[in-house]
Amino acid sequence: MPVGEILIRGEIHDGCSPGVGCNFGSDPCFKLGLEFSNVPSANFTSNTDTTCLGETMTFTDASSGSGLTYSWDFGLDATPLTATGPGPHDVAYSTNGTKSVSLEIENPSGIDNVDYTIEVSSNPSINTSGSTAVCTGESTVIEAFGTGSIAWDNGLGSGSSFTVSPSVETDYQATITDANGCSNTASLTISVNDLPTVDAGANDTICTGETVELFGSGSGTLQWSDGLGAVSNPEVSPTTETTYTLTAIDGNSCENQDQVTVFVNELPVIDAGDNVFVCLGESVEISAEGGETYDWDNGLGAGQSHNVSPTELTVYVVTGIDQNQCENTDEVEVDIHSLPLVTASGTATICEGVATMLSADGAVTYSWDNNAGIGSPVSVSPTETTIYTVTG
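Treat the numbers as computed from the prediction; the structure is a model and nothing was measured.

Considerations on the state of the cysteines
Right, on to step 1. Taken as a whole, this structure holds 3 disulfides when the rule is applied.
Right, on to step 2. Each sulfur of the disulfide joining Cys-52 and Cys-182 lies 1.9 Å from the other. The sign of the -90 degrees torsion about the S-S bond sets the Cys-52-Cys-182 disulfide as left-handed. Taken together, the positions of Cys-52 in strand E4 (residues 50-52) and Cys-182 in the loop between strand E18 (170-177) and strand E19 (183-193) put the pair 130 residues apart, joining distant regions of the chain.
Right, on to step 3. Note on Cys-182: relative accessible area 0%, which makes it buried.

Laid out in C-alpha cells, this is it:
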C-alpha cells in the first residue's frame, strides 16, 4: 500500500459537544474517519513505440496526482538524455537498439515510477552515382543504390535511375525507405557548363572550279568537317552544294557546332561557232552564244559578234559570263587560204573583126570581165583596144 497523507475528518451532530462524554468509536454525536488521498501514480505515453535514428519521439506525462515533480530518463544515446516537467518532450537517438525510458514522479504523498522500452531502428544506407557536370543541352543518368524503395525529388518520382537534362545547376536528392519505415537521403549536384561559342561564317556561292575561303571563329579548339581538320580558314572547291560543319570543343569537353553552306553554280556553255576559212583579204563574222555578256581576245573586246580579217591562221577565244557571274570560254579558228597566182595569155594584136582566144592559168575556175565569159580559154572579138582581166 502506498504511503500517503492521513486525513482526519469529524462530524458533529446537533445537541452534542465533541470530546465531552463521547465515545469516538460508537457515540452517535461524533464520527471519525481515516482516508488516503493524492497518492501519485506514474504513467506516460509516446507517439510511437518504434523510431528511426535521428527521428524525434514525443513523450508526454499521463500520471495522476497533484503537486508532482518529474524525473525523466530517456535511455542510452538520447538527446536530451534526461528531462524534468510533464512534457511533452521531443527526443532523438543517435544509436539503434532497444532503449529503456523511465519516469519517476513524486509529491508529498509518495513516489512512483514507470518504464517502457522502445525500439530504435537503423536508417538504410543509400549511395548515388552519376556525372557531376554536363554541357548545356546534354543528358546524363543518375542512379541511387540501397535496400528499400527509392524516390527522387525534382519531379522525378519513384525509381532508382533517371535520365536528366538540367538547364542550370541542380541538386537531385534521392530518399530511400526500408521495411521499418526508416529513411535516408543522398544527393547529387549537377552543374551545367555553357557551350563554347562557334561561328562558321556566312553561306557563300561559287562557280564550278572556283575556290572559296571559309572563315570560322569560336572559343576552344576548332575542327572542320569533310577532312578539313583544325585549319581556321580552309580553302575549299566543292563541285556540288556542300555544307561544312565547324565544331568548337572547350576545356570542359563541351561541344558546339555551326554550319556554312557553299552553293555551286554551273559554268555557262559558251559556243564560239565552227572553225571557218577565208581567203586572204576577206573578212568573216565570228559570233558566240550561251552567256549574257562576252569578251573576245585579239583586241576585239566586248560584244557577241565581230567581223575579222586575219592575215594568217588565227584562234579567237571568247569569254562568256552568265547571270550568276560565272564564266566559261570557247574558241574558233579562222584559217586563211592564199590567193591563186593567175596568169592570162593570148594574142595581143588582132585585126578588126577577127576573133582570138584568151587563156588563163593558176586557178581552177576563171571569170573574165568585158563579157568575155567564164572558163579558159575564151574567145573574144574586140572592136577596139581592150584590156581583159581574169579572176581565178
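A look at the side chain of Lys-99
Right, on to step 1. Tracing the sequence through the fold places Lys-99 in strand E10 (residues 97-107).
Right, on to step 2. Within the buried core, Lys-99 has no salt-bridge partner, and the shortest N-O distance to an opposite charge, that of Asp-77, equals 4.1 Å.
Right, on to step 3. At a separation of 3.3 Å, a polar atom in the side chain of Lys-99 contacts the main-chain carbonyl oxygen of Leu-76.
Right, on to step 4. Residues contacting Lys-99, with those up to four places away along its chain left out, are Leu-76, Asp-77, Tyr-93, Tyr-116, Thr-117, Ile-118 and Val-120.

Structural notes on the nonpolar core
Right, on to step 1. Ranked by size, the top nonpolar core spans 18 residues in total, and within it Phe-59, Trp-72, Phe-74 and Tyr-93 carry the most contacts.
Right, on to step 2. Those elements that place two or more of their residues in this core are strand E5 (56-61), strand E6 (69-73), strand E9 (89-93), E10 and strand E11 (110-121).
Right, on to step 3. Residues Phe-162, Ala-186, Leu-188 and Ile-190 belong to the second largest nonpolar core, which totals 15 residues.

Overview of the environment of Met-57
Right, on to step 1. Position of Met-57 relative to the elements: it lies in strand E5.
Right, on to step 2. Distance from Met-57 to Gly-157, taken between C-alpha atoms, is 28 Å for residues 100 residues apart in sequence.
Right, on to step 3. For Met-57, the contacting residues outside a window of four places in its chain are Ser-46, Asn-47, Thr-48, Asp-49, Thr-51, His-89, Asp-90, Val-91, Tyr-93 and Ile-118.

Details of the pairing of strand E14 (residues 140-145)
Successive side chains on a regular strand alternate, one facing one side of the sheet and the next facing the other.
Right, on to step 1. Where burial is concerned, the two faces of E14 differ: the one with Thr-140, Ile-142 and Ala-144 is buried and the one with Val-141, Glu-143 and Phe-145 is not.
Right, on to step 2. Both strand E12 (residues 127-129) and E14 contribute to a ladder of 3 bridges, which runs antiparallel. By the bridge assignment, Asn-127 is partnered in E14 with Phe-145.
Right, on to step 3. In the sheet, E14 pairs with strand E17 (residues 161-164) via 4 bridges, with the strands oriented antiparallel. Bridging from a neighbouring strand, Ile-142 pairs with Phe-162 of E17.

Here we look at the sheet that holds strand E30 (residues 293-296)
Right, on to step 1. Spatially, E28-E34-E33-E30-E31 is the arrangement adopted by the 5 strands of the open sheet, whose pairing is mixed. Strands at the two margins of the open sheet, each flanked by one partner only, are strand E28 (276-279) and strand E31 (301-302).
Right, on to step 2. Direction of pairing for E30 relative to E31: antiparallel, over a ladder of 2 bridges. Bridge pairing in E31 places Trp-296 opposite Gly-301.

Describing the layout of surface pockets
By rolling a water-sized probe across the atoms, one finds the places where empty space is left.
Right, on to step 1. There is about 370 Å³ of room inside the largest pocket.
Right, on to step 2. Lining of the largest pocket is provided by 19 residues; of these, Thr-347, Ala-348, Thr-349, Pro-382 and Thr-386 occupy positions nearest its centre.
Right, on to step 3. Counting only elements with at least two residues in the lining of the largest pocket, the list comes to strand E35 (343-346) and strand E36 (356-361).
Right, on to step 4. Ranked by the residues each element gives to the lining of the largest pocket, the list is headed by E35, at 3 residues.

Details of the environment of Asn-123
Right, on to step 1. As for its placement among the helices and strands, Asn-123 is situated in the loop between E11 and E12.
Right, on to step 2. Given the relative accessible area of 27%, Asn-123 is considered partly exposed.
Right, on to step 3. When the C-alpha atoms of Asn-123 and Gly-181 are compared, they prove to be 8.9 Å apart, with 58 residues separating the residues in sequence.
Right, on to step 4. In this view, Asn-123 contacts Cys-52, Leu-53, Cys-182, Ser-183 and Asn-184; residues no more than four positions away in its chain are not counted.

As for the sheet that holds strand E16 (residues 157-158)
Right, on to step 1. Across the sheet, which stays open at both edges, the 5 strands sit in the order E13-E19-E18-E15-E16 with mixed pairing between neighbours. The outermost strands of the open sheet, each flanked by one partner alone, are strand E13 (133-135) and E16.
Right, on to step 2. Pairing of E13 with E19 involves 3 bridges; the strand directions are parallel. The residue of E19 that forms the bridge with Ala-133 is Ser-191.

Here we look at the environment of Thr-391
Right, on to step 1. Here Thr-391 lies in strand E40 (residues 390-391).
Right, on to step 2. Look at Thr-391 and you get exposed, because its relative accessible area is 53%.
Right, on to step 3. With 342 residues separating them in the primary sequence, Thr-391 and Asp-49 have C-alpha atoms 140 Å apart.
Right, on to step 4. Setting aside residues no more than four positions away along its own chain, Thr-391 makes contact with Thr-365, Tyr-366 and Ser-367.

About the criteria used
Residues numbered from 1 in each chain as written. Predicted model: local features only at pLDDT ≥ 70, side-chain atom pairs only at ≥ 80, totals over all residues. Heavy atoms only, no water. Disulfide = S-S within 2.5 Å. Helix = DSSP H or I, 4+ residues; strand = E, 2+ residues; numbered from the N terminus. Buried < 20%, exposed > 50% of the residue type's maximum accessible area, 1.4 Å probe, protein only. Lys, Arg positive; Asp, Glu negative; His and termini not counted. Salt bridge = Lys/Arg side-chain N within 4 Å of Asp/Glu carboxyl O. Polar contact = N/O pair within 3.5 Å; in protein donor to acceptor, adjacent residues only side chain to side chain. Contact = heavy atoms within 4.5 Å. Core = buried A, V, L, I, M, F, W, Y, C linked by side-chain atoms within 4.5 Å. Pairing = 2+ DSSP bridges. 1 Å grid on protein atoms, 1.4 Å probe; cavity = no way out; pocket = protein on both sides within 12 Å on 5 of 7 lines; lining within 4 Å. Points joined across faces, edges and corners; volume = space filled by probe spheres on them.

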